[in-house]
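Structural characterization, general
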Amino acid sequence: MNTLFDKIWDAHVVTAVQDGPTQLYIDRHFCHEVTSPQAFDGLRKRGLKVFRPEKTTCSPDHNIPTLNQEKPIEDPISRFQVETLTKNATEFGVTLWGLGHKKNGIIHVVGPENGLTRPGMTIVCGDSHTSTHGAFGSIAFGIGTSEVEMVLASQCILQPKPKTMRINIEGKLGAGVTAKDLALYIISKQTTGGATGYFVEYAGEAIRSMSMEERMTVCNLSIEMGARGGMIAPDETTFEYVKGREFAPQGEEWDKALAYWKTLKSDDDAVFDREVTYNAADIQPMVTYGTNPGMGMGITENIPTLDTIDDAGKISYVKSLDYMGFQPGEKLEGKAIDYVFLGSCTNGRIEDFRVFANFVKGKKKADSVIVWLVPGSWMVEQQIREEGLDTILTEAGFQLRQPGCSACLAMNEDKVPAGKYAVSTSNRNFEGRQGPGARTILAGPLVAAAAAITGKITDPRKL
Amino acid sequence: MEKFTTLTSTCVPLPIENVDTDQIIPARFLKATTREGFGDNLFADWRYDKSGAPIKEFILNNPTFSGEILVAGKNFGSGSSREHAAWAIAGYGFKVVVSSFFADIFKGNALNNGVLPVVVSEGFLAEMFAAINADAAATVTVNLEEQTITNNANGKTESFDINPYKKGCMLNGFDDIDYLLSNKTLIEAWEQK
């Protein structure tokens with residue numbers, strides 16, 4: 001009568017600290033340039049080595065430019081941070097997929113596509129969207145830099161066991177509704193703090209029928225409702241995806257692994273601390289209107305009016321709409337926008353580019369809009385070319401950029417100017433997230449494609 | 001890490017809900033490779049205008065309010081796992097953050113950097129805001145040993161939760177890595193399983 005979460009957690013307990021957290025063994029540690037330098041520095045100060053260097057993989061992603069990656073990074077501070085990662089990886093003997101490496105890309109994209117992410121694992125990274133990897137039926141969560149140092153030093157982490165929650169999505173998603181819309185819908189219902197303290201398992205028909213890439217999008221956004229992570233029980237879709245990838249087990253090892261992976265599901269009588277159910281048919285393409293991912297609505301709906309907001313939240317609500325330049329009760333459909341961003345660890349995978357390209361095929365880009373199409377990795381970029389999607393995009397007036405986190409958090413040059421509106425497939429619409437003063441409307445790849453064609457917030461089902 | 005036992009201080013009020021980590025420390029300030037200097041950019045986009053001049057209305061620029069306790073609205077620290085947010089708060093000089101609700105990762109990061117996150121009830125929080133607004137010299141006392149917080153303006157006390165292990169770390173100024181390394185044999189035994 002265990003949940004999927006319990007089974008994986010219990011299998012990784014090294015010891016329970018008296019009156020304290022659990023010491024959990026970590027199977028896979030991902031690293032990028034922003035949250036690791038102080039951790040490596042800490043090891044150096046303590047005179048420590050990396051305990052299990054083969055279990056850490058680094059890829060610079062947050063700071064890297066999406067043009068001219070062949071040349072030295074122009075911003076000296078970004079360049080120094082990326083170079084520091086290279087220096088640390090070399091000195092401590094951990095794997096580095098640096099700039100120019102064919103495996104480079106957003107760490108949450110390259111882990112799965114190379115077979116480093118597998119069912120039953122514990123996975124951490126100094127990045128909140130580590131929850132992405134839960135799509136494979138693993139316990140994956142973001143950690144702070146002190147914890148990065150702990151994992152480097154001991155391959156372990158101290159964690160209080162979170163509560164468990166199951167979110168069931170019954171029925172099938174409608175035409176024109178993507179995994180991103182489903183996730184934004186759930187967050188709008190849960191609010192940004194609604195799942196704090198919980199680890200979420202997603203279940204139900206709509207989840208089961210999703211591809212791995214769609215599952216990653218859903219799990220990726222778990223953190224946006226405060227959850228420590230999200231996970232989906234592995235099944236044939238998962239096994240099919242992992243099989244044959246470079247670091248996936250082979251031969252006898254594969255058979256052994258597969259037999260174990262098939263046991264990874266919540267027992268029929270497993271009890272969750274909380275359980276909620278939504279109906280897939282209620283979900284339409286989503287957009288956000290405010291400055292946190294919980295402030296989302298169906299694209300045909302109106303922004304909630306002030307009388308629906310409780311007193312303690314009114315200051316934040318008014319501040320948020322002021323920042324966005326929106327009025328309570330307003331409709332967003334048809335509103336002109338300035339930028340479109342397709343990419344990030346939420347929507348920068350090959351399927352997102354397929355969805356976008358299929359939609360824009362035979363149509364033309366709106367002149368008024370600047371569009372950044374940023375693959376999540378070099379492997380995605382290569383697939384885009386192999387599948388001829390780049391030709392479709394070029395014919396519609398779009399240009400592909402080079403992979404990286406890019407305008408998701410604008411640590412590189414890709415910043416949305418102050419006051420401008422961006423329809424973004426990324427994960428956060430916080431104030432200034434895409435550049436100081438930038439106004440972000442979160443959406444899925446289909447809504448992004450429709451906006452890129454019309455220059456307005458557009459319901460893709462109506463085009 | 002510095003030891004923390006008790007603290008009596010005036011407070012800086014920030015009655016905004018869902019203050020996310022991108023507001024605490026915007027992404028463009030994450031390029032440093034050390035833990036120092038983040039306090040200067042705490043709440044940078046709320047604190048300074050485009051030319052870098054302080055925005056008068058923002059609470060950190062209001063000389064009336066000061067102290068080592070930051071009092072914030074519900075769901076403080078949501079968003080990113082960036083520990084830089086905790087470094088910025090500690091770097092600015094806050095030792096305690098009080099709210100009715102914290103995001104998970106932020107809470108852990110704060111504790112790992114000697115900043116105590118204190119969860120109070122919404123009523124207690126509202127009374128704290130009222131007391132500070134009525135008199136900026138109003139003080140609050142946080143006693144970690146007793147796990148209590150007292151609003152000295154009205155004498156009301158609430159107790160707060162903290163994991164006993166983390167409490168011990170804070171009281172003694174210990175950190176987790178020493179502990180983990182002391183369990184090396186157990187780690188190797190797990191790997192052999």
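Look a little higher up for the structure.
Quick caveat: nothing in here was measured; it's all calculated off a predicted structure.

Quick notes on the overall build of chain A
When helices and strands are counted, chain A shows 16 helices and 18 strands. For 463 residues, the compact-globule estimate of 2.2 N^0.38 gives 23 Å, and the C-alpha radius of gyration of chain A, at 21 Å, lies within 12% of that figure. By residue count, 67% of the 463 residues in chain A fall in the buried class. The long-range fraction of contacts in chain A, counting pairs at least 24 apart against all pairs at least 6 apart in sequence, stands at 76%. Summed over its atoms, the accessible surface of chain A is roughly 15500 Å², and 50% of this surface lies on carbon and sulfur atoms. One finds the centroid of the 49 positive side-chain charges in chain A at a distance of 2 Å from the centroid of its 57 negative side-chain charges.

A few points about helix α3 (residues 84-92) of chain B
Listed as buried for α3 of chain B are H84, A85, A86, W87, A88 and I89 of chain B. In this structure, the buried side of α3 of chain B is in contact with α2 (37-46) and α5 (145-154) of chain A together with α1 (21-24), β3 (96-99) and α4 (104-111) of chain B. Among the residues trailing α3 of chain B, G93 of chain B stands out with phi positive, at a value near 120 degrees.

Some thoughts on the packing of aromatic side chains
What describes a pair of aromatic rings is the distance from one ring centre to the other and the angle between the planes of the rings. By the definition in use, this model includes 21 aromatic pairs over all chains. Considering the side-chain rings of Y185 of chain A and Y278 of chain A, the 5.8 Å spacing of their centres and the 85 degrees angle between planes classify their relative orientation as edge-to-face. Here the residue Y185 of chain A occupies a position in helix α6 (residues 179-190), and Y278 of chain A occupies one in strand β12 (residues 274-279), the gap between them amounting to 93 residues. With a centroid separation of 6.2 Å and 85 degrees between ring planes, the pair formed by F76 of chain B and F102 of chain B is classed as edge-to-face. In this pair, F76 of chain B sits in the loop between β2 (69-72) and α3 while F102 of chain B sits in the loop between β3 and α4, placing the two residues 26 residues apart along the sequence. Taken individually, F76 of chain B and F102 of chain B each receive the classification buried, so the pair is uniform in this respect. Cluster of aromatic residues (ring-pair linked, three or more members): F5, W9 and F199 of chain A. The ring of Y241 of chain A has R245 of chain A sitting right over it, with the charged end atom 3.7 Å from the ring centre.

Comments concerning the side chain of Q434 of chain A
All names here are of chain A. The topology assignment puts Q434 in the loop between β17 (421-424) and β18 (439-442). A distance of 2.7 Å separates the side chain of Q434 from the side chain of S424, its partner in a polar contact. Once residues within four sequence positions are removed from consideration, Q434 is found in contact with F341, A407, C408, A410, D414, K415, V416, A422, S424, S426 and T440.

Side note on the sheet that holds strand β15 (residues 339-342) of chain A
All names here are of chain A. If you trace the four strands from one edge of the open sheet to the other, you get β16-β15-β17-β18, paired in parallel fashion. Two strands close off the open sheet at either side, each with one partner strand: β16 (370-373) and β18. For this sheet the average axis-to-axis angle between neighbouring strands, irrespective of direction, equals 20 degrees. Direction of pairing for β15 relative to β16: parallel, over a ladder of four bridges. Bridging across to β16, Y339 finds its partner in I370.

What about the packing of helix α13 (residues 350-360) of chain A against helix α14 (residues 378-386) of chain A?
All names here are of chain A. Taken N-terminus to C-terminus, the directions of α13 and α14 make an angle of 35 degrees; their axes are 9 Å apart at the nearest point. Judged by the twist between their axes, the crossing of α13 over α14 is right-handed. Contacts from I350, F353 and R354 of α13 reach α14 at V380, Q383 and I384. Looking at side-chain class alone, the contact of α13 with α14 contains four nonpolar, one polar and one charged residues.

So, the interface of chain A and chain B
Note on interface size: it is often stated as the accessible area lost on association of the parts. Facing the 65 residues of chain A at the interface are 53 residues of chain B. Between chain A and chain B lies a buried interface of about 4800 Å² when both sides are counted; carbon and sulfur atoms form 58% of it. Along the contact surface separating chain A from chain B lie six salt bridges. One salt bridge connects R46 of chain A with D178 of chain B, and the closest N-O pair in it is separated by 3.2 Å. On inspection of chain A and its partner chain B, the count reaches 29 residue pairs in polar contact (both at pLDDT 80 or more). Elements supplying a minimum of two residues to the side of chain A that touches chain B: β1 (13-16), β2 (22-25), α2, α3 (76-92), α5, β8 (156-159) and α11 (311-324) of chain A. It is α5 of chain A that contributes the most residues to the side of chain A that touches chain B, seven residues altogether.

Considering the pattern of salt bridges
A full pass over the atoms with the stated rule returns 35 salt bridges over all chains. In this structure, the salt-bridge partner of D267 of chain A is K7 of chain A, at a minimum N-O distance of 2.8 Å. Here the residue D267 of chain A occupies a position in the loop between α10 (251-261) and β12, and K7 of chain A occupies one in helix α1 (residues 4-11), the gap between them amounting to 260 residues. The residue E68 of chain B makes a salt bridge to K95 of chain B at a minimum N-O spacing of 3.2 Å. Taken together, the residues E68 of chain B in the loop between α2 (44-47) and β2 and K95 of chain B in the loop between α3 and β3 connect sequence positions 27 residues apart. Looking at E68 of chain B, the relative accessible area reads 27%, which means it is partly exposed. By relative accessible area, K95 of chain B is classed as partly exposed at 28%. Three or more residues are tied together by salt bridges with common partners; here these are R46 and E149 of chain A together with R35, E83, D175 and D178 of chain B.

Thoughts on unusual backbone geometry
All names here are of chain A. Backbone geometry places D19, a non-glycine residue, at a positive phi of 55 degrees. Of note, D19 is situated in the loop between β1 and β2. The phi dihedral of S406 is positive, around 55 degrees, even though this residue is not glycine.

Regarding the environment of A452 of chain A
Residue and element names in this part refer to chain A. In this structure, A452 sits in helix α16 (residues 445-454). In the structure, A452 is positioned 88 residues away from K364 in sequence and 8.7 Å away in space, judged by C-alpha atoms. Other than its neighbours up to four places away in sequence, A452 contacts V340, F356, K365, A366, V371 and F398.

Cut-offs used in this document
Residues numbered from 1 in each chain as written. Chains lettered and ligands numbered in written order. Predicted model: local features only at pLDDT ≥ 70, side-chain atom pairs only at ≥ 80, totals over all residues. Heavy atoms only, no water. Helix = DSSP H or I, 4+ residues; strand = E, 2+ residues; numbered from the N terminus. Rg over C-alpha atoms; globule rule 2.2 N^0.38 Å. Buried < 20%, exposed > 50% of the residue type's maximum accessible area, 1.4 Å probe, protein only. Contact = heavy atoms within 4.5 Å. Areas by Shrake-Rupley, 256 points an atom, 1.4 Å probe, with all protein chains shown as cover. Lys, Arg positive; Asp, Glu negative; His and termini not counted. Charge placed at Lys NZ, Arg CZ, Asp CG, Glu CD. Phe/Tyr/Trp six-rings, centres within 6.5 Å; stacked < 30°, edge-to-face > 60°. Lys NZ or Arg CZ within 6 Å of the ring centre and 35° of its normal. Polar contact = N/O pair within 3.5 Å; in protein donor to acceptor, adjacent residues only side chain to side chain. Pairing = 2+ DSSP bridges. Axes fitted to C-alpha atoms, helices over the stretch in contact; angles between N-to-C directions. Left-handed = near helix turned anticlockwise from the far one by under 90°. Nonpolar A, V, L, I, M, F, W, Y, C, P; charged D, E, K, R; others polar. Buried area = accessible area lost by both parts, 1.4 Å probe. Salt bridge = Lys/Arg side-chain N within 4 Å of Asp/Glu carboxyl O.

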